[in-house]
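# Secondary and tertiary structure notes
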Amino acid sequence: MLKKPVLIPNAILYVVLVYGLPMGVTTRSSISLTNRLAGRLIRFPIAITVAVHLALLYTTLHLWAGISDYRTLVLKLTLIAVMLTLSLNVINGYMGEFSCSHPGFMALGAYCASVFTVGLFVDDQFFGAVFLPPALGPFLFPVALILGGFLASFGALFVAIPSFRTRGDYLAIISLAFLFIVKSLIENLEFVRGPRGLSGQPDWADLPTVFLWTVLCVWSINNFVRSTLGKALNAVRDNEMAASAMTVDTRRTKIVAFLFAAFWAGVAGGLFAHVLRYVNPSTFSIQNLAEVLAMVYFGGLNSVYGSIVGAVSISLLGEALRPLEIFKWIIIPLLLILVMIFRPTGLIAFKDLDVTSLLRPKQNPDGEV
Amino acid sequence: MAFSLSGWAHAETIKIGINAELTGDIPKVGEGTKFAAQMWLEDVKAAGGLAVGKKKYAVELVLEDNESKAESAVKVATKMITEDGVLVMVGPQASKQAIPAGGIANNYKTVMISPWSTNPDTTKDRPYVFRACFLDPFQGPVVANFISTEFKFTKAAVLYDVASDYPKGLAEFFKKAWEGKHGKGSVVAYESFTTKDTDFSSQLTKIINSGAQVLFTPQYYNEVALIVQQAHQLGWKKPIVGSDSWGSAETVKLCGKDCYGTFFSTHYAAAGATGATKAFIDRYKAKYGYVPDDVAALTWDSMLLVQQAIQNTGGLTGDLKKDRENVRTAMSQIKKFKGITGEMTFSGGGDPVKCAVIVKISDAGEFTFYKSVCP
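Residues numbered from 1 in each chain as written. Chains lettered and ligands numbered in written order. Predicted model: local features only at pLDDT ≥ 70, side-chain atom pairs only at ≥ 80, totals over all residues. Heavy atoms only, no water.

### With respect to the overall build of chain B
What counts here: Comment: elements are numbered from the N terminus, with helices defined as DSSP H or I runs of at least four residues and strands as E runs of at least two. The globule rule is 2.2 Å times the number of residues to the power 0.38, and the radius of gyration it is compared with is taken over C-alpha atoms. Every residue pair with non-hydrogen atoms within 4.5 Å of one another is taken to be in contact. Throughout, the Shrake-Rupley method with a 1.4 Å probe supplies accessible areas, and for residues the shown protein chains are the sole cover considered.
Secondary structure summary: chain B contains 12 helices and 16 strands in total. Computed over the C-alpha atoms, the radius of gyration of chain B is 21 Å, within 12% of the 21 Å expected from 2.2 N^0.38 for a compact globule of 375 residues. Expressed as lengths along the three principal axes of its C-alpha atoms, the size of chain B is roughly 65 × 35 × 35 Å. Contacts spanning at least 24 positions in sequence make up 68% of the contacts within chain B whose residues lie at least 6 apart. Within the structure as shown, chain B displays about 13500 Å² of accessible surface, and the carbon and sulfur contribution to it stands at 53%.

Right, dumping it as structure tokens:
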């Protein structure tokens, strides 16, 4: 069944020798230099420091992805997975409810953005001739994504209003129903071509665009969960009655968080549609839900770090284990089970992402701070 | 740069990508694809390689699983074309995967041939994408004509999956053709369900009460069994007709006696086959233990079409980009190719001109040839 099982240790050896070893050596030898640089950078306003670090990160990713288009594609889908995981973590981690409607929000965002771009900028048989000059397209692409996000938020209202009157498993059931409603709705909408799917999206979701939106997403969600509202959300999760007694408007807090998470799922869906340049309703199914949930619980609840780690590791594992064919579907679930046994809340749970302390020079270069 | 590098490094080996549904909803389809491709590779190896021009090249198959998911099919297609440097890609099979993967192949100017995808969008406006089967707009009228002339019926019922593009498309084409023949309202029941539904009794009751004379259900093998059995339990005794998605080795296994006597339109009939078709079936059966379904037969034809196209280029330059272009040109000019699923001619676009076969499931549970219908 395995093509060449001998190749697997070789592949691991290759990764260690070509990537691991040089990276370890460079990191090790440049500690004092980079620490000094970081020390100098931190004296500038935080915005500049962050911008420099992000530019460096993007350069690294760009160089890595520049080798082949396959890497670019995997990287783009991984970044989208980060956005999805993070937004689901707001509901399932920070709010402590169990929501199943994420693929539904994603579908709303994907279809809304696709209808916008295909309708206005592409000459196709469903929406007629080109409406606006294609040169304007890339500038209006953010508008398409934001509209997609808003539509997802609007859809989220229909889940939020009935299910946040009470506490318990209601959200899980209603959101699952919502996922199916969205899916059948699109399947029966002829103007988006039903189950045949919508294709021909313009190729605007390139690596810088996806990267920028991911950064925006991480930034805004990180700010949200560290704000008063985010802390109120944690209070609601831990004890709704106590939170209410401490003057937290629990219902409003929950609805705001839910719509916020849905917004980012919608944006991620819009990007997803423009990366694949084809969407069909069956993409947004239970299987998709299971993947996002796995990423959230693998990475860790209530933590921005955790979501990034979860999304990146599950996406990359899926690609790296491709040569194992069917065994891939034994190894990944096995890893999930192991994580659930030894770290029931995920790899990196309940940890704040503090940008300043992340970028500050490390006091003790040999170990952790 | 990636193109020229990989092209230079593998100049002596021809790589052919197989983008198959090995896991996911339809693993049997992926298995058929894999087995047929491997049989073809054996033949090439036995001949000492693939002779192109004056040179013999070793052939390597790059077999990847697309998990029956659109995004995975796109990833696999990109990986094969940009990382592995395949000359031609065969698959994906189902339209859901073949449409987005075809977009990738066309962007990178690499020939892709989908053996089984019947959705018009797969090859539409894509000069680099081909297919080995006929299309839904052809199959719908074929079935409508067959029922009309064979049974002289005028009232038909349709039961299809609204959430899957293949059944939905075919149901629409059938309805259009039928109503064109027998007038508006002659499709007396047009009932739908959603993928993974297992209880069809409410739709079937409506169909039975509608006075329809025949039931057309263009579903996949796993649903066919349920629909046919439930229809019989509810008292339906009239003919049931299906489409090429019935032609799986699993259909009769799952459906049993209930499916005996039903008809479906397809690409080839295993029982009563002659010549090259029989040789292929016998060989496949001896090797893998079951009669190959149409996916395997169409994949086999696709592999031979690819071989023919590569050989027709008259020689490889070693520059992958140029070779891919040459293969495309050669492929689009293939005329009267004798495949085991019928004679194929490519005239211009990526869709072959070929005939459909009407198959009857015999009382021994075999797919027997009933009639051939040409456009």
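### Topic: the nonpolar core
The following threshold applies: Think of a nonpolar core as a cluster: buried Ala, Val, Leu, Ile, Met, Phe, Trp, Tyr and Cys residues, connected wherever their side-chain atoms sit within 4.5 Å. Summary of the burial criterion: residues with accessible area below 20% of their type's maximum are buried, those above 50% are exposed, and those between are partly exposed, where the area comes from a 1.4 Å probe applied to protein chains only.
Membership of the largest hydrophobic core comes to 107 residues, with the highest contact counts inside it found for Phe258, Trp264 and Leu271 of chain A. The greatest single-element share of this core, amounting to 16 residues, is contributed by helix 11 (residues 250-276) of chain A. The residues touching Leu271 of chain A, leaving out its near neighbours within four places in the chain, are Ile80, Met83, Phe141, Leu145, Ala205, Val210 and Trp213 of chain A. In terms of nonpolar packing, the next biggest core, distinct from the first, is built from 85 residues, Ala171, Val187, Ala296 and Met331 of chain B among them.

### Observations regarding the interface of chain B and chain A
Where we set the bar: Joining two parts hides part of their accessible area as seen by a 1.4 Å probe, and the buried area is that hidden amount summed over both. Here a salt bridge means any side-chain nitrogen of Lys or Arg lying within 4 Å of a carboxyl oxygen belonging to Asp or Glu. Throughout this description, a polar contact denotes any pair of N or O atoms lying within 3.5 Å of each other; where both atoms belong to protein, one of them has to be capable of donating a hydrogen while the other can accept it, and for residues adjacent in sequence the pair is counted only when both atoms sit in side chains. Under this grouping Gly is polar, as are all residues other than the nonpolar Ala, Val, Leu, Ile, Met, Phe, Trp, Tyr, Cys and Pro and the charged Asp, Glu, Lys and Arg.
In this complex, chain B contributes 33 residues to the contact, which on the side of chain A involves 29 residues. For the pair chain B and chain A, the summed buried surface comes to about 2800 Å²; carbon and sulfur atoms form 51% of the total. One can count 6 salt bridges joining chain B with chain A. With a closest N to O distance of 2.6 Å, Lys69 of chain B and Glu291 of chain A form a salt bridge. Inspection of the region where chain B meets chain A yields 9 residue pairs in polar contact (both at pLDDT 80 or more). Mapped by element, the contributors of at least two residues to the side of chain B that touches chain A are strand 3 (55-65), helix 3 (70-84), helix 4 (95-107) and helix 6 (165-182) of chain B. Broken down by element, the side of chain B that touches chain A gets its largest block of residues, 10 residues, from helix 3 of chain B. Across the side of chain B that touches chain A, the residue classes tally to 10 nonpolar, 9 polar and 14 charged.

### Focus on empty space enclosed by the protein
Residues and elements named next belong to chain B. Inclusion rule: Only protein atoms enter the 1 Å grid, on which a cavity is a set of points fitting a 1.4 Å probe that cannot get out and a pocket is an open set with protein on both sides within 12 Å along at least 5 of 7 lines, lining residues being those with an atom within 4 Å of a point. Grid points are joined across faces, edges and corners, and a volume is the space filled by probe spheres set on the points.
Going through the model one piece at a time under the given rule, you end up with 4 cavities of 30 Å³ or more. Within this model, the second largest cavity holds a volume of roughly 80 Å³. Considering the residues around the second largest cavity, the lining is formed by Gln93, Ala94, Ser95, Trp116, Ser117, Thr118, Tyr166, Tyr220, Asp244 and Ser245. Of the residues that constitute the lining of the second largest cavity, the class distribution is 4 nonpolar, 5 polar and 1 charged.

### A look at the confidence of the model for chain B
All names here are of chain B. For clarity, the threshold we go by: Each residue gets a pLDDT score, which is the predictor's confidence in that residue and runs from 0 to 100.
On average, residues of chain B score 87 in pLDDT, and 97% of them are at 70 or above. This model gives residues 1-10 a pLDDT under 50, and the stretch forms 13 contacts once residues within four places in sequence are excluded. Among the scores for the predicted complex, ipTM is 0.82 and pTM is 0.84.

### A few points about the state of the cysteines
The test is simple: Note that a disulfide, as used here, is simply two cysteine sulfur atoms within 2.5 Å.
For the structure on display, the rule yields 1 disulfide over all chains. Disulfide partner of Cys255 of chain B: Cys259 of chain B, at an S-S distance of 2.1 Å. Handedness of the Cys255 of chain B-Cys259 of chain B disulfide follows from its S-S torsion of about 90 degrees: it is right-handed. For Cys255 of chain B, a relative accessible area of 2% puts it in the buried group. Assessed through its relative accessible area of 0%, Cys259 of chain B is described here as buried. In this model Cys217 of chain A remains outside any disulfide bridge; the closest cysteine sulfur is found in Cys112 of chain A, 18 Å from its own.

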